[in-house]
Amino acid sequence: MPVKIKMKQDHIDKIKEICKKFNNDGGELINVLHQTQHFIGYLPAEAQELIASELNVSVAHVYGVVSFYSFFTMTPKGEYPISVCMGTACYVRGAERVLDEFKRLLNINVGETTADGKFSLTALRCIGACGLAPVITIGEKVYGRLAPDDVKGIIEEYK
Amino acid sequence: MENIKLTIDNKEIEVAAGTTILKAARLHNIEIPTLCYFDLKGMDITNKPGSCRICTVEIEGRKNLAPACITECMPGMIVRTNNIRVLNARRSVLELLLSDHPTDCLICPKSGNCELQALAVRFGIRELPYQGEKSSHKRDKSPAILRDMDKCVMCRRCEMMCNKFQTVGALSAVNRGFNAVVAPAFEDSLSQTACTFCGQCVAVCPVGALSEVNHTASVIRAINDPKKTVVVQTAPAVRVAIGEEFRMKPGTIATGQMSAALRRLGFDYVFDTDWSADLTIMEEGTELLGRLNKYLAGDKEVKMPLLTSCCPAWVKFFEHQFPDLKDIPSTAKSPQQMFGAIAKNYFAQKIGVKREDLIVVSVMPCLAKKYELSRDEFKTDNNPDVDFSITTRELAALIKQANIDFSSLPEEDFDSPLGESTGAGVIFGTTGGVIEAAVRTAYEIHTGKPCPSIDFTELRGLEGIRSATIDFDGLPINIGIAHGLSNARKLLEEIREGKSQFHAIEIMACPGGCINGGGQPLNHGDSRIIQARWEAIYKADKDKPIRKSHENKSVQQLYKEFLGEPCGEKAHHLLHTHYFKRKTEFEVDLDK
């Protein structure tokens, strides 16, 4: 079950505005979800309830769509989103071991966020920095030529 | 319409253009098996996603087999429903369905009534060739409905019922591929949703994925507890359906056998919800006339139209979906709850039993009644007015367990004083019945004259929305009737927009009303069963010597001895309730 949050008023207003832009048409649900996720970063249950009520469709239907498409997520990104490149070059140079170390130290899986909301972990394909393989990004910052032993120190930087 | 000719299983047949192969075959006694397909004729309830592929047939000239339920007949078509290719395909489909099913029929609540089990029997399945990972979902128990989605075959009948027919929207297909399942939003429990517990999802589920929360064990325990006095009340629609569980013809009125069986089960007092239905009419009818008189006198404050409030699924529906209209429905409690209130506050005293030592059991055609009795406003010091509610199906199971041969039982009467009822009480069991009962009484009280005819046939029928104008001796009263919450929604939207012309509206959640409630013997898509129960209800009414609620002697006595006036202070305290705005788990409150 999702965590309960209190929606910020500006989020509520923005979601209503997005729905209105699509004429509160239930047939535009996917577009509305796209723009809402782009704005908030994820699709909390409360946002889905609000969209359902604005578009006059059931919230079960909205969740049906959100849970069907892998693009949509109900997990908020952490304050410091960690992306580990699993492209070919990074992979052959040990990205998986780096990823495993992040998982172990943060105690989360790929696609999850730590309980304090600080870190989230995603695995992605080539980010075009193969020369630095294995490479990760935290927010805008790039870290290259990593070994599992470096992970602890990197996390410390953000604590 | 134009007819077309085709051949099915070497038989030349002629059907109207647009007929599906499945219907054409059935018209000519070729029974193609189905699973996801569901069609309750005359009720506008159909489910044909064409997804299970059990009804697959071969059409000459086409490469692939076709699902008979969604493929239309074409002129000259040659269809085979039973050659080896079709039979093998059908068997494979069935084996694949079973490969992701617990196959625990021995302990399944739908065993003996399951359409998947029936198919496995029909095809003589003796082994399961496909073994692998099986779906695993958390079981969900709400006050009325048990969900065990490991058994789901994704026919999506429940989703259709919940969304299209009821417009409740508690259920939807979620996730994808192997993880796909029908569930509430966020895979929450049904209790956290706008589910009304109407139980129509259970009524159409072909397998054991959806079933009622079973209270029979608690009832047996109560009966066998020497410290407890156990009274039972039976809803009007139960008596015209319970016989089906004992191979009696649909439409058999088994009131007498039912009373006899309940007595043999060990209930101390066998009473009747029909009695409290008469009581409901005294309260609701008085409330209607009170509001009507104010309205006719030009009172702008009075809320019109009056909406009936007997159906707990309907009550929960408007609490979620139309909270702005929550002052419009009658405040009268439902017959189940009126019975409970009188049993625990009047009858218990009368027989010298403490409230907590009196157990009230109801037998209902309904699942929402299980939820209704759990509402806080129907409890005193945490002791509920009605302790347990069992369905018609659960009562039949209790009777079978107790080695009682139902059909050979003598016909026995209900006990006194809460067992005496009129024809008006009986017709509560069908759509149109509550309002007809109210009209019979309101007419006579308002005009001071006897009804010209007791049978207000203009209020009867099975169409989803009906209306009639009843002449109250020169005063035209506009009555609306809706069954099915999608139909109720239409009438409510009219009220919201200020366009409603009705003085009173009766609403029941289930298609056909309580006769086809979520707790009744399963109809498996045969609407003739509902028709037969419907006819039986009106026959039971006709057979009653007294057919107007206000002429019920026992109810009159209760007012004289205990309650005082209808809608008086005591009656108001015990027999009326109030409604709440309800929110689902994650609903954002936008009210300032």
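Above this note sits the structure.
A short tour of the structure in this document, coming up. Because the structure is a prediction, the values reported are computed rather than measured.

Some words on the nonpolar core
Phase 1: In terms of nonpolar packing, the biggest core is built from 123 residues, with Ile145(B), Trp314(B) and Phe406(B) touching the most fellow members.
Phase 2: Residues contacting Trp314(B), with those up to four places away along its chain left out, are Leu307(B), Thr308(B), Ser309(B), Leu485(B), Ala488(B), Leu492(B), Ile507(B) and Ala509(B).

A short note on the interface of chain B and chain A
Phase 1: At the interface, 23 residues of chain B touch 24 residues of chain A.
Phase 2: For the pair chain B and chain A, the summed buried area comes to about 1800 Å², and 65% of that belongs to carbon and sulfur atoms.
Phase 3: For chain B, the biggest contributors to the area lost against chain A are Arg176(B), Phe186(B) and Phe586(B); these three give 38% of the whole.
Phase 4: Where chain B packs against chain A, one counts zero salt bridges.
Phase 5: Counting every contact that joins chain B to chain A gives seven residue pairs in polar contact (both at pLDDT 80 or more).
Phase 6: No other element matches strand β10 (residues 172–174) of chain B, which puts three residues into the side of chain B that touches chain A.
Phase 7: Grouping the amino acids of the side of chain B that touches chain A by side-chain chemistry returns eleven nonpolar, six polar and six charged.

Re the pattern of salt bridges
Phase 1: As enumerated under the stated definition, the model contains 50 salt bridges over all chains in all.
Phase 2: The partner of Glu157(A) in a salt bridge is Lys141(A), and the shortest N-O contact between them spans 3.6 Å. In this pair, Glu157(A) is assigned in helix α7 (residues 151–157) and Lys141(A) in strand β4 (residues 141–143), connecting sequence segments 16 residues apart.
Phase 3: We classify Glu157(A) as partly exposed; its relative accessible area is 47%.
Phase 4: Classification of Lys141(A) as partly exposed rests on a relative accessible area of 44%.
Phase 5: The closest approach of N and O atoms between Asp526(B) and Arg528(B), which form a salt bridge, is 2.9 Å.
Phase 6: Judged by relative accessible area, Asp526(B) falls into the partly exposed class, the value being 22%.
Phase 7: Connected via shared salt-bridge partners are Glu436(B), Arg440(B), Asp455(B), Arg460(B), Asp541(B), Lys542(B) and Arg547(B).

Quick notes on the pairing of strand β1 (residues 3–8) of chain B
All names here are of chain B.
Phase 1: Sheet topology places β1 next to strand β2 (residues 11–16); six bridges connect them, and they run antiparallel. Looking across to β2, one finds that Ile-8 is bridged to Lys-11.
Phase 2: Where β1 folds back onto β2 in an antiparallel hairpin, the turn is made up of two residues, including Asp-9, whose phi is positive at roughly 50 degrees.
Phase 3: Of the strand pairs in this sheet, β1 and strand β7 (residues 78–80) are connected by two bridges, and their pairing is parallel. Along β7, the bridge assignment pairs Thr-7 with Ile-78.

Quick word on the pairing of strand β13 (residues 229–234) of chain B
Residue and element names in this part refer to chain B.
Phase 1: Among the six residues in β13, six count as buried, and that is most of the element.
Phase 2: The alternating pattern of β13 places Thr-229, Val-231 and Gln-233 on one face and Val-230, Val-232 and Thr-234 on the opposite face, and all of these are buried.
Phase 3: Judged from the six bridges that link them, β13 and strand β16 (residues 358–364) form a sheet pairing that is parallel. For Val-232, the partnering residue across the bridge sits in β16 and is Val-361.

What to know about empty space enclosed by the protein
Residues and elements named next belong to chain B.
Phase 1: Across all of its chains, the model carries five cavities of 30 Å³ or more by this definition.
Phase 2: Here the largest cavity defines a volume of roughly 310 Å³.
Phase 3: What lines the largest cavity is a set of 28 residues, and nearest its centre among them are Cys-310, Cys-311, Lys-369, Phe-428 and Cys-514.
Phase 4: Those elements that provide at least two residues to the lining of the largest cavity are α8 (273–296), α9 (312–321), α10 (335–350) and β22 (504–508).
Phase 5: The element best represented in the lining of the largest cavity is β22, accounting for three residues.
Phase 6: The residue inventory of the lining of the largest cavity, partitioned by class, reads 20 nonpolar, six polar and two charged.
Phase 7: Empty space within the second largest cavity amounts to approximately 110 Å³.
Phase 8: What lines the second largest cavity is a set of 15 residues, among which Cys-162, Val-168, Cys-195, Cys-198 and Cys-201 lie closest to the centre.
Phase 9: Mapped onto the lining of the second largest cavity, the elements with two or more residues apiece are α4 (157–165) and α5 (200–204).

Things to note about the layout of surface pockets
Phase 1: Considered as a void within the structure, the largest pocket measures approximately 1100 Å³ in volume.
Phase 2: Contributing to the lining of the largest pocket are 42 residues, with Ser53(A), Val57(A), His320(B), Gln321(B) and Glu587(B) lying nearest its centre.
Phase 3: A per-element tally of the lining of the largest pocket places helix α3 (residues 45–55) of chain A first, with four residues.
Phase 4: Elements that contribute at least two residues to the lining of the second largest pocket include exactly α1 (21–27), β3 (38–40), α3 (115–122) and α16 (527–542) of chain B.
Phase 5: For the lining of the second largest pocket, the element with the highest residue contribution is α3(B), accounting for four residues.
Phase 6: Its residues assigned to classes, the lining of the second largest pocket comprises seven nonpolar, four polar and ten charged.

Reading guide: rules and limits
- Residues numbered from 1 in each chain as written.
- Chains lettered and ligands numbered in written order.
- Predicted model: local features only at pLDDT ≥ 70, side-chain atom pairs only at ≥ 80, totals over all residues.
- Heavy atoms only, no water.
- Core = buried A, V, L, I, M, F, W, Y, C linked by side-chain atoms within 4.5 Å.
- Buried < 20%, exposed > 50% of the residue type's maximum accessible area, 1.4 Å probe, protein only.
- Contact = heavy atoms within 4.5 Å.
- Buried area = accessible area lost by both parts, 1.4 Å probe.
- Salt bridge = Lys/Arg side-chain N within 4 Å of Asp/Glu carboxyl O.
- Polar contact = N/O pair within 3.5 Å; in protein donor to acceptor, adjacent residues only side chain to side chain.
- Helix = DSSP H or I, 4+ residues; strand = E, 2+ residues; numbered from the N terminus.
- Nonpolar A, V, L, I, M, F, W, Y, C, P; charged D, E, K, R; others polar.
- Pairing = 2+ DSSP bridges.
- 1 Å grid on protein atoms, 1.4 Å probe; cavity = no way out; pocket = protein on both sides within 12 Å on 5 of 7 lines; lining within 4 Å.
- Points joined across faces, edges and corners; volume = space filled by probe spheres on them.

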